Amino acid sequence: MSTVKRTPPKKKQTDNPRQIHTSSESDISSAALTSDLVKMNRNKRPRSADSPQGGSTLDFQNLQNTLSSWREEQDSKLATILADIVEIKTQNTHIKESNDEIRKTNEELKVSISFINKQFEDLKKEVEELKRERQGQQRNIENLERKIMDLQHKSRSSAIELRNIPQENAECCNTLTKTISKVVEVVGVQVSDYEIRDIYRLPDENKVSPKDGTKT
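Because the structure is predicted, anything quoted here is derived from the model rather than measured. (Residues numbered from 1 in each chain as written. Predicted model: local features only at pLDDT ≥ 70, side-chain atom pairs only at ≥ 80, totals over all residues. Heavy atoms only, no water.)

Draft legend 1. Spotlight on the overall build of the protein chain. The secondary structure content of the protein chain amounts to three helices and three strands. For the protein chain, the sequential pattern of α-helices and β-strands runs α-α-β-α-β-β. Burial analysis of the protein chain (216 residues in total) assigns 8% to the buried set. (Helix = DSSP H or I, 4+ residues; strand = E, 2+ residues; numbered from the N terminus. Buried < 20%, exposed > 50% of the residue type's maximum accessible area, 1.4 Å probe, protein only.)

Draft legend 2. Representation of the pattern of salt bridges in the model. For the coordinates displayed, the defined rule picks out five salt bridges. Salt-bridge contacts for Arg103 lead to Asp100; the nearest nitrogen and oxygen are separated by 2.8 Å. Placement of the pair is Arg103 and Asp100 together in helix α2 (residues 60-155), with a separation of three residues, close to one helical turn. Accessibility expressed as a relative area gives 48% for Arg103, which makes it partly exposed. In this structure Asp100 comes out as partly exposed when scored by relative accessible area, which is 36%. (Salt bridge = Lys/Arg side-chain N within 4 Å of Asp/Glu carboxyl O.)

Draft legend 3. Here's a closer look at the state of the cysteines. Scanning the model with the defined rule gives zero disulfides in all. Distance from the sulfur of Cys172, which forms no disulfide, to the nearest cysteine sulfur (Cys173) is 6.6 Å. For Cys172, a relative accessible area of 35% gives the class partly exposed. (Disulfide = S-S within 2.5 Å.)

Draft legend 4. Just the side chain of Arg201, in detail. Relative to the elements of secondary structure, Arg201 occurs in strand β2 (residues 198-202). Judged by relative accessible area, Arg201 falls into the buried class, the value being 17%. There is a polar contact of 3.3 Å between the side chain of Arg201 and the backbone oxygen of Ile165. Within the local environment of Arg201, its side chain forms a polar contact with the side chain of Glu171, the two groups lying 2.5 Å apart. (Polar contact = N/O pair within 3.5 Å; in protein donor to acceptor, adjacent residues only side chain to side chain.)

Draft legend 5. Region of the structure containing the nonpolar core. Core analysis: the biggest nonpolar cluster contains five residues, these being Leu176, Ile180, Val184, Ile196 and Ile199. Tallying contributions element by element places helix α3 (residues 173-187) first for this core, with three residues. (Core = buried A, V, L, I, M, F, W, Y, C linked by side-chain atoms within 4.5 Å.)

Draft legend 6. Examining α3 more closely. Over its 15 residues, α3 runs 21 Å from end to end, which matches the ideal 21 Å to within 8%, given 1.5 Å per residue. Along α3, the positions that sit buried rather than exposed are Leu176, Thr177, Ile180, Ser181 and Val184. Seen from one end, α3 has its buried residues packed into an arc of 140°, which puts them on one side. Exposed residues pointing more than 90 degrees away from the buried face of α3 are listed as Lys178, Lys182, Glu185 and Val186. Just beyond α3, the residue with positive phi is Gly188, at close to 95°. (Expected span 1.5 Å × (residues − 1). Arc of directions from axis to C-beta.)

Draft legend 7. Looking closely at unusual backbone geometry. Phi angles above zero are rare outside glycine, and Asn164 is one such case at about 60°. Following the sequence through the fold, Asn164 ends up in the loop between β1 (159-163) and α3. Look at Asn164 and you get exposed, because its relative accessible area is 62%.

Draft legend 8. Just the side chain of Thr177, in detail. Mapping Thr177 onto the fold places it in helix α3. Accessibility expressed as a relative area gives 15% for Thr177, which makes it buried. Thr177 has contacts with Asp193, Ile196 and Ile199, leaving out every residue within four places of it along the chain. (Contact = heavy atoms within 4.5 Å.)

Here's what the structure looks like:
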């Protein structure tokens, strides 16, 4: 296989034959310092006659005035803070006194509530006792009622009923007793007044003739 060979390019001719290529330094300042041929002069502004010696300084009187005003300001703030602290202490004292009074009142209320609870418990016991007594009395009343009924049943055997006895005006137990005494005398039976235990007139159902009842 054949290879193709190229001819080298021709050198470019410069228009100015005197032009010479030189290399430049990147750090010009360091190059100027190291070079003996370069001379560097620094131009300074001349100092005025009224400029302070040794740099700028504050006037002593102004500094003293500034410090005095700052001190007064700090003293005023401290006085305000101290007044606030005193007021807070006073408020804390009042709050403590109020808390003591509230605590004392709470103790008194606790004692009162304990006393009321004790009274309530005592009243509750009394009510329970009265309830038991009432139940006992109710049982006694029922027993007495049964006994009365028994006595009434037993007393029927000794009861005497008299009919067709004329009714008097303003009739009472004494008049009925006298009437019964006269009736039994006519019959020939001796009955004393103390032997008559109870006497009363029975109501007439048809209201045709009154009925008398006597128990001896």
